[in-house]
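Coordinate inspection notes
Residues per chain, in single letters:
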Amino acid sequence: MINTMRVNLIISKLIQEFQFKEQNGYLRQGICPDCQKKELFTAIDKPFVLKCGRENKCGAEIIVKEIYPELFHNWSTHYPKTQQAPNAAADAYLQQARGLNIAPLKGLYIESGYHAKGLGSATVKFTLPNGAYWERVIDNPQRFDRKANFFGSYKGYWWSLPQQDLTKATEIWLTEGIFDAISLAQNGLYAVSLMSCHNYPEHALAALKTALGANKKPLLVWALDKGNAGEKAIRKHVARSQQEGWKSCAALPSQFKNEDWNDLHLKGKLERYDLMRYRYYGDLLLTKSATDKAMLIFNYTHRNDFYFQFDSRFYWFKLDIERHLKAVERILDSEKLTKEEATTKALKESGAVNEIANCYPTPLYFQKSEETDESWYYLKLDFPQQRPNVKATFTASQLTSASEFKKRLLHVAKGAVYTGDTHQLDRFCKNELPHIKEVKTQNFIGYS
Ligand SMILES: [Zn+2]
């Protein structure tokens, strides 16, 4: 049972802020902060995510714990331990902050405590294989230098729900965190947690292989966190597991945003078609050449004109579909290739993939001075071969003509050359610039 006192507090705050109306167990007609229409709604018994009803036109989704962090930080004050409920705060945290069904988790965790600097917090403590433990600090974790603690070694193992029979799985998703694995499992997947992206589960995989005997091995879907460390680890683990005879691929929870599997669970975005998209992001990560990546995007999006990044270089893809289809036909007639192989070959021949800069620009933010009427765009430039990135300002005129952009680029970063045209630059700016943050000049110092 979810404690109603806290939920009532959340409901009254939501009604006040978004002007919701109560209707048959739902809060409806709240004002959407993105589109300003009265379309925001949420369930009264689980008011943890607000959604805009204009799914295609707006699609706003607000995670309530992010707008009222103060209501989601004092679990043991609101849910004190009692003899009848020894895990009261831990239970509430898992249900309300993580949106998890705790019934199937009974006995897998206990509420424990963490103390440092004379301060204390309740924790949710899970038992790991090999006699190890992991605990998550839940009461105002920002007061401490850590959010979680490990005891013992879990190296080479994974954490798995005991009710999952992994020998029955056709695919297993391998995540970093326990909450991520539970989130996927509660959406119908077989999922395990590696605890850390550096932990290759050699012992767990060996045990699974033995248990499977002659039965077909499941596909391993490496679904670690987004970001450099996780993505590097995915590539490494995919390669190693393939060498060891597993079929392996990757999945990422998001292409650009900083979301994890638990966020997606809270937002109800772990449906079948969502999962296909996350697998596509994983496939993009594993591509080995610009042509492979272009083909993947082309096949998935059916667009024949787009830009993309590969190995920190800026590429443009443009395909004359009619000519391409003819080329595929010609290759199929003259060579013994599959349709896929012929398509790849035709794409390579077509010259559809072109490098237009030997670095990749990412707009970070926009800055304007009201007093002087000057403005700048801050761009981050990434380079291949682990060369450190460069951050630099670009004026509007430097972003509106290819020749000005080319000059500025070469000026701010040694050897950075743009060979694209103004139309390509326009397309890039039109797509990327409207989303970036705006910074006022008085904030100039100290922005990070
Ligand atoms: Zn909206």
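Residues numbered from 1 in each chain as written. Predicted model: local features only at pLDDT ≥ 70, side-chain atom pairs only at ≥ 80, totals over all residues. Heavy atoms only, no water.

Focus: the nonpolar core
Formed by 103 residues in total, the largest nonpolar core has its most connected members in F126, W159, W173, F308 and F317. Sort the elements by how many residues they give to this core and helix α4 (residues 88-97) lands first, with 7 residues. Those residues in contact with W159, other than ones at most four positions away along the chain, are L108, F126, T127, L128, P129, I178, A181, I182, V192, S193 and M195. Formed by 27 residues, the second largest nonpolar core is a distinct cluster that contains Y307, A402, A413 and F428. (Core = buried A, V, L, I, M, F, W, Y, C linked by side-chain atoms within 4.5 Å. Buried < 20%, exposed > 50% of the residue type's maximum accessible area, 1.4 Å probe, protein only. Helix = DSSP H or I, 4+ residues; strand = E, 2+ residues; numbered from the N terminus. Contact = heavy atoms within 4.5 Å.)

Side note on the sheet that holds strand β1 (residues 21-23)
What the 5 strands build is an open sheet, ordered β1-β2-β3-β4-β5; its pairing is antiparallel. What marks the edges here is a single partner per strand, and that holds for β1 and β5 (61-63). With strand direction ignored, the average angle separating the axes of adjacent strands in the sheet is 25°. Across 2 bridges, the pairing between strand β3 (residues 40-43) and strand β4 (residues 49-52) is antiparallel. When the bridges of β4 are listed, L40 appears paired with C52. (Pairing = 2+ DSSP bridges. Axes fitted to C-alpha atoms, helices over the stretch in contact; angles between N-to-C directions.)

As for the coordination of the zinc ion
Protein coordination at the zinc ion: the donors are C32 (SG), C35 (SG), C52 (SG) and C58 (SG), at 2.3 to 2.4 Å from the metal. Here the zinc ion binds 4 donor atoms, and the angle range of 103 to 113° at the metal identifies the geometry as tetrahedral. Motif for the zinc ion, donor spacing along one chain: C-x2-C-x16-C-x5-C. Placement of C35 in the loop between β2 (26-30) and β3 and of C58 in the loop between β4 and β5 is noted, with a sequence separation of 23 residues between them. A relative accessible area of 18% places C35 in the buried class. For C58, a relative accessible area of 23% corresponds to the partly exposed category. (Donors = N, O, S within 2.8 Å, 3.2 Å for Na, K, Ca; no water. Tetrahedral: all angles 85-135°; square planar, octahedral: opposite > 155°, others 65-115°.)

Regarding the packing of aromatic side chains
According to the stated counting rule, one finds 34 aromatic pairs in the structure shown. Centre to centre, the rings of Y200 and W222 are 5.8 Å apart; their planes meet at 15°, and the pair counts as stacked. Here Y200 is found in the loop between β12 (190-193) and α6 (202-212), whereas its partner W222 is found in strand β13 (residues 219-222), with 22 residues between them in sequence. The same class applies to Y200 and to W222, which are both buried. (Phe/Tyr/Trp six-rings, centres within 6.5 Å; stacked < 30°, edge-to-face > 60°.)

A short note on the domain arrangement of the chain
Looking at the assigned domains, one finds that the chain contains domain 1 (4-71), domain 2 (73-151), domain 3 (172-203 + 217-285), domain 4 (287-355) and domain 5 (360-443). Each of domain 1 and domain 5 has a C-alpha centre, and these two points are 37 Å apart. (Domains from an automatic or database assignment.)

Points about the sheet that holds strand β6 (residues 109-116)
The 4 strands lie next to each other as β6-β7-β8-β9, forming an open sheet whose pairing is antiparallel. The open sheet terminates on both sides in strands that have one partner only, identified here as β6 and β9 (148-151). Taking each pair of neighbouring strands and ignoring which way they run, the sheet shows an average axis angle of 30°. As judged from the 8 bridges shared by β6 and strand β7 (residues 119-127), these two strands associate in the antiparallel manner. Bridged to E111 within β7 is V124.

Quick notes on the packing of helix α9 (residues 272-286) against helix α10 (residues 290-301)
Running from amino to carboxyl end, α9 crosses α10 at an angle of 165°, the nearest separation of the two axes being 10 Å. Compared by their axis directions, α9 and α10 come out roughly antiparallel. Classified by chirality, the crossing of α10 by α9 is left-handed. Contacts between α9 and α10 pair R277, Y280, D283 and L284 from the former with K293, L296, I297, Y300 and T301 from the latter. Per-class residue counts for the contact of α9 with α10 are 5 nonpolar, 1 polar and 3 charged. (Parallel < 35°, antiparallel > 145°, perpendicular 65-115°, else oblique. Left-handed = near helix turned anticlockwise from the far one by under 90°. Nonpolar A, V, L, I, M, F, W, Y, C, P; charged D, E, K, R; others polar.)

Observations concerning helix α12 (residues 339-350)
Residues that lie three or four places apart on an α-helix share one face, since the helix turns once every 3.6 residues. Given a rise of 1.5 Å per residue, 12 residues ought to cover 16 Å, and the 16 Å separating the end C-alpha atoms of α12 matches this to within 8%. Residues of α12 that are buried: A342, T343, T344, A346 and L347. Contacts made by the buried residues of α12 are with α10, β16 (313-318) and α11 (321-334). Following α12 by one or two positions, G351 adopts a phi angle in the positive range, close to 65°. (Expected span 1.5 Å × (residues − 1).)

Brief notes about helix α7 (residues 228-243)
An ideal rise of 1.5 Å per residue puts 22 Å on 16 residues; α7 measures up with 23 Å between its terminal C-alpha atoms. Of the positions making up α7, those classed as buried are G230, E231, A233, I234, H237, V238 and S241. Taken around the axis of α7, the buried residues stretch over an arc of 155°, which confines them to a single face. Across from the buried face of α7, at angles greater than 90 degrees, the exposed residues are N228, K232, K236 and Q243. Once α7 finishes, G245 follows within two positions and takes phi at roughly 95°, a positive value. (Arc of directions from axis to C-beta.)

As for the pairing of β4
In this structure, the hairpin formed by β3 and β4 is closed by a connection of 5 residues. As defined by bridge partners, β4 adjoins β5 across 3 bridges and the pair is classed as antiparallel. Across the sheet, the residue bridging to V49 is I63, located in β5.

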